[in-house]
Structure formats: C-alpha cells, structure tokens
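In case you want the letters, here they are:
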Amino acid sequence: MAMTLTQKILAAHAGLNAVEAGELIEAKLDLVLGNDVTAPPAIKVFEAAGLKTVFDPERIALVPDHFTPNKDIQSAEHCARMRRFARDKQLSHYYEQGEEGMGVEHVVLPENGLVAPGDAIIGADSHTCTYGALGAFATGVGSTDLAYAMATGKTWFRVPEAIRIQLSGQLKPGVTGKDVILHLIGQIGVDGALYQSLEFTGPGVAGLSMAERLTICNMAIEAGAKNGLFPVDDATRAYLAHYAPERVAKNDFTVYEADPDARYARTIQIDLAAIRQTVAFPHLPENTREIGSFDPIPVDQVVIGSCTNGRLEDLRLAAHWLKGRKVAKGLRLIILPGSQRVWREALKEGLFEIFTDAGAVVSAPTCGPCLGGHMGILAAGERCVSTTNRNFVGRMGHPKSEVYLAGVPVACASAVLGRVAGTDELDA
Amino acid sequence: MSIQGHVFKYGANVDTDVIIPARYLNTAEPAELARHCMEDLDPSFISRVQPGDILVAGANFGCGSSREHAPVAIKASGISCVIAPSFARIFFRNAINMGLPILECTEAAEAIQNGDRVSVDFDTGRIENLTRGQTFTARPFPPFIRRIIEADGLMGTLRQLQGKGE
Ligand code: SF4
C-alpha cells in the first residue's frame, strides 16, 4: 500500500507495515514538548492521576518561553511549578533563562539537536509542526495529551491524508520562505489543509535554506494542517551535522521517502520565482496581499522575532536591510532573537550594533509580544508589522489594534519607511 | 460495549461556542458545564436529555476553539455518543481524550431523524435505527481507543497504568 511521507513515519512509530488515511493508531514518540503555558496544567493532570515517573527523562523538553523572564506573579508561579517538576523528574531538557540552549521552544529544539529526520514528536503547542522542516513528523496537542505522553511516551493519532505542494524555481532576492507560506495560506485559506499534512516536494526544495523551511513548516497550522513536512536532502544533512552532531555520529535517525505512487488529496504547484513579497492583513493569516497592491498604511511598531522568524539567518537578513538606515521617527522596532544561542552569535557578528544604530531595541529571547504577552503590547488603534505567525483580533494587545504579518525584509522596509512597505522602496 | 438512546439531531458546523459558551468557561466542573450544554443552539436540550441519549449532527462537528470543556459538557449532560459525517480535528482528539465516544458515518448522520431510538455497538461500529429498522456501519474503534473510552478518558488510562504499577 503506497504511503505519503507522513504515513511512512507514523506507520514506523506504530509498529505497522502500512497505515492508511483515517486510521487510528497508537504511536511511540521520540520527543514530548511543553511550555510555560501548557505544561503546568499537564503537570496537574499528571499529579492528579497519582503518577510518579515519566517515561524517559531524556525525551521530554520543557521550555519556559512565553511569559519569561517572568512578566508577573502568575507566570512566575507557572514557571516555578514547571521547574520543580523538571528537577524532581530529572529532565535533561529543561532550560532556564540565560542558559545555553534556552529560547523560544521551536527555535531551540532543532538547535539543541533534539529533532532529526524520521522522529515522531508532539508538543502542547500548535506550532510544534515547525520540525517538519527536518523531515520529522511533529504536531500540536492539548495538555491532557501532554500529560499522557510524559507518562507513557505514546500518543494516538488519526492518520492524515496529504496535500502535495510541488515547488519549482527559485526565490527572487528579497523574497523569503515567509512569503511562500503566506502565499500558500492566502491561496488555500486558514482551513484549506484541515486535518491534512502539507508535504513539500519538487525541484524548488533544494534552493530553500533550512531557516526558510522551518518558517514554512511553522505556519502549516495556519492553514489548518496537522503537520508540514520537507524531504531530507543535503541542506538537512548539513544542518544536522552542525546542530545534532551526536545523533549524526550515532546514525540515530531514519530518512523516509514518500512512495512514488502515494495518493494525495490534491497537488498544488508553486513557482518560487513568481512569489512576491507578501503581507497578511488583519485579522487572519489568509488575508494576504502582495506588496505594491494596496494604499499606504502607517505603522506604529515593527516586531522581528518569534518561532517563525527569530533565527540567526533572520537577524542577519534584518541587519542586511537595516545597515546604514534609520527607523522612521516615532516608530518602535523591537527585535527578539529566538534563542540564547542566536543572541550570542548575533552579538559576536556585530548585528546588535547595526540594530542599535538603526534605532531598534533588542530584547531577551522570549515569545513576548507574539501572543500579546509582554515586551511590546499594542494600544487601541495601533498597527504593527510583525514577522510572527498570527494576526487574530487582539493577538498582540488591544482588540482594536492591528497586526500585519510579513517576512523580515518587509518588516525592515516598513520600520524604515513608517508604513507597510517592500524593500523595493528603500533607497539603494 | 454498546449503548441505546433517543436522538437529538442538529445541523452542520456545530461549534464549540454553542456546545459550551465561553462565558461559562470559568469552571471546569463537568456538572456545571453540562447545565449550559448546547444552550445557545437549543435552550431546551438540557431539560430534555436523558442518560444514554445520542447526538447526531452534520459535518465538521465541534469546530472552533480547542477547549476540552466542549466534550466534557456533552458527556456530563448524559449524551453517550455523537454521530456525524466528520468532526473538527481538535474536537475529535479532545472527545476521545475525555472519553466521549464519537463515530463518523455519513449515511447514519443523514438518515437518522430527531427522536429516533438508536443503538450503537462500539466494538463493531454497528449503528441500528430501531425506530426505522435501518442499520449502518461506522469504522469501529481500535482496541486502544476503546480502552481510553472505557477508562473514562486518557486520565482514566493513566490511573489504570498507575494501578498496575507500570
Ligand atoms: S513565538 Fe509566538 S507562536 Fe511561537 S511559540 Fe511563542 S507564542 Fe507561540
């Protein structure tokens, strides 16, 4: 029976030769993730069930990233509960602020070498789908699921069918992976891939950097997808050699391929060369428009960061477009490196000097404003261009504020020009 | 495991906000949540529902937010099973994790009418309309999902694991 890439990985983790779409299976997990929002309720469930031990202290990652450094007493209590649990259960992958390996969960897990091809991963966070960029099956679940998985190392799945996204061509300068995924969500809608996998394939894959693939898979959920998935190629192997040398040395991963005759719900062709800089207007990621197709929109704040675009490559790109330029008078540019490691590398490479000269403020690694937590909340009527992934009503603050989702180049151009703008409009 | 009850039938896209309105989410107490179950769609539901009754609905049942409270409220109201052509992804997960049986069966969801008496066998997936003498087959649950449902949800299976000292 021919299978998609997702189905291959799921079958292997369920101990089955084959699975088909719609089938319910129980699968073994390679990694289980929780954060400071979702882990505390899961820990409550875990303790209420009278459980004492976790299935494997090496395979659970708890990352306090949303409201950290603790923004108020309640978040401090949440983090304290998580910290106690992590210590008590001797979890190896609990990260404290300032520690190497700490940062926004979906930035740090791949950087810490915890994700490799063929893995099956769940996280009590909807953007867990990010890890599909490395050829892993990864999806978001609820807190009760997290509690169960921490205890047993297993969870149940309904096997999804897949939409095949056939990529060809190469991105034009100034156009990024973010523009690709925004374009796709604009085309199929926020429920266009409901309960399905988005499997990327085709000759265009090779030209996409790992950072771009991570950004693309990160937003699979914004099209309703269960997971996003890229095939494994030289770029994946180079990434693994750098970030997961131990797993490479032990040959501790499996590369699966979709069967050539696998059946797909549908196939969508995307010519990467035809993608333009794209912005998702309030209040849905599917409200996409290309730069140049709308009247000027003044902006109060620009945010660069998050699990979507807070990687070193994103900060380098930001430095490229901000170097020698100034943030528009009266606009706030907030840059949040995605992890402690990104922060340190950016410092070493002199990026912070470029940001500071441009008039930006650089924050500690945190989710912060992405979910309206802290470090850049919007007032009524304010507009923000953000490299994050959701622009729902009130996502970044006041219900009457507006978020425009974009890639790093558009965010920089908008910060410099004080309105939603593409890099074409920047002076050479 | 099988059940029998009268049917409450609703349309497509029954969302989690009508199943349990957000204004009641300040409690996690199942009995309290049940008191407001389906309130914004069918205010008389809660006074008429009997233990064992069955919800039959149109496609995409449970769409909207990820609140686990929705299947909790339905289950605590006495409903023993929901039959629909399809369920929203997170509702599907949460329902099983909370121990609420749900069955996907387009033919049954279309043919069964409000007030019909229906029996469901979870082991075989057989749905029988006793009022009209029709039978339908949904894909049955695999054994481990049956175990979750019989243990009253994922929490229950955790407690059982614990009891066995696993
Ligand atoms: S950066 Fe934003 S989307 Fe990503 S995990 Fe944090 S809050 Fe969620």
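In case you missed it, the structure is sitting above this.
This write-up is about the structure you can find in this document. (Residues numbered from 1 in each chain as written. Chains lettered and ligands numbered in written order. Predicted model: local features only at pLDDT ≥ 70, side-chain atom pairs only at ≥ 80, totals over all residues. Heavy atoms only, no water.)

1. Points about the interface of chain B and chain A
Threshold: The contact definition used throughout considers only heavy atoms, calling two residues in contact when any of these lie within 4.5 Å. When two parts are put together, the accessible area they lose, computed with a 1.4 Å probe and summed over both, is reported as buried area. Think of a salt bridge as a Lys or Arg side-chain nitrogen and an Asp or Glu carboxyl oxygen that are within 4 Å of each other. Under the rule applied, a polar contact is a pair of N or O atoms within 3.5 Å (in protein, one hydrogen donor and one hydrogen acceptor; residues adjacent in sequence only if both atoms are side-chain atoms). By the criteria applied, helices consist of DSSP H or I runs no shorter than four residues and strands consist of E runs no shorter than two, each listed in order from the N terminus. In this classification, Asp, Glu, Lys and Arg are treated as charged, Ala, Val, Leu, Ile, Met, Phe, Trp, Tyr, Cys and Pro as nonpolar, and every other residue, Gly included, as polar.
Opposite the 23 residues of chain B that make contact, chain A presents 29 residues. Both faces combined, the contact of chain B with chain A buries some 2200 Å², and carbon together with sulfur accounts for 62% of it. When the area that chain B buries against chain A is broken down by residue, the three leading residues are B:Arg89, B:Arg93 and B:Leu158, summing to 34%. Viewed at the interface, chain A and chain B are joined by two salt bridges. Between B:Glu104 and A:Arg158 there is a salt bridge, with the nearest N and O atoms lying 2.7 Å from each other. At the boundary of chain B and chain A, one finds six residue pairs in polar contact (both at pLDDT 80 or more). Looking at the side of chain B that touches chain A, the elements that each hand over two or more residues are α5 (89-97), α7 (143-150) and α8 (154-163) of chain B. It is α8(B) that provides the largest number of residues to the side of chain B that touches chain A, a total of seven residues. Its residues assigned to classes, the side of chain B that touches chain A shows 13 nonpolar, four polar and six charged.

2. What about helix α1 (residues 5-14) of chain A?
Where we set the bar: When a residue's accessible area, from a 1.4 Å probe over protein chains only, is under 20% of the maximum for its type it is buried; when over 50% it is exposed; and in between it is partly exposed.
Taken across its 10 residues, α1(A) has eight buried, putting it largely inside the fold. Buried within α1(A) we find A:Leu5, A:Thr6, A:Gln7, A:Lys8, A:Ile9, A:Leu10, A:Ala11 and A:His13.

3. Digging into the pattern of salt bridges
One pass over the full model with this rule turns up 25 salt bridges over all chains. Residue B:Arg93 is joined to A:Asp145 by a salt bridge in which the shortest nitrogen-to-oxygen separation is 2.9 Å. With B:Arg93 in helix α5 and A:Asp145 in helix α5 (residues 143-152), the pair connects residues from two separate chains. Residue class for B:Arg93 comes out buried when judged on its relative accessible area of 5%. With a relative accessible area of 0%, A:Asp145 lands in the buried category. Taken together, the shared-partner salt bridges in this structure form one network comprising A:Asp119, A:Arg247 and A:Asp252.

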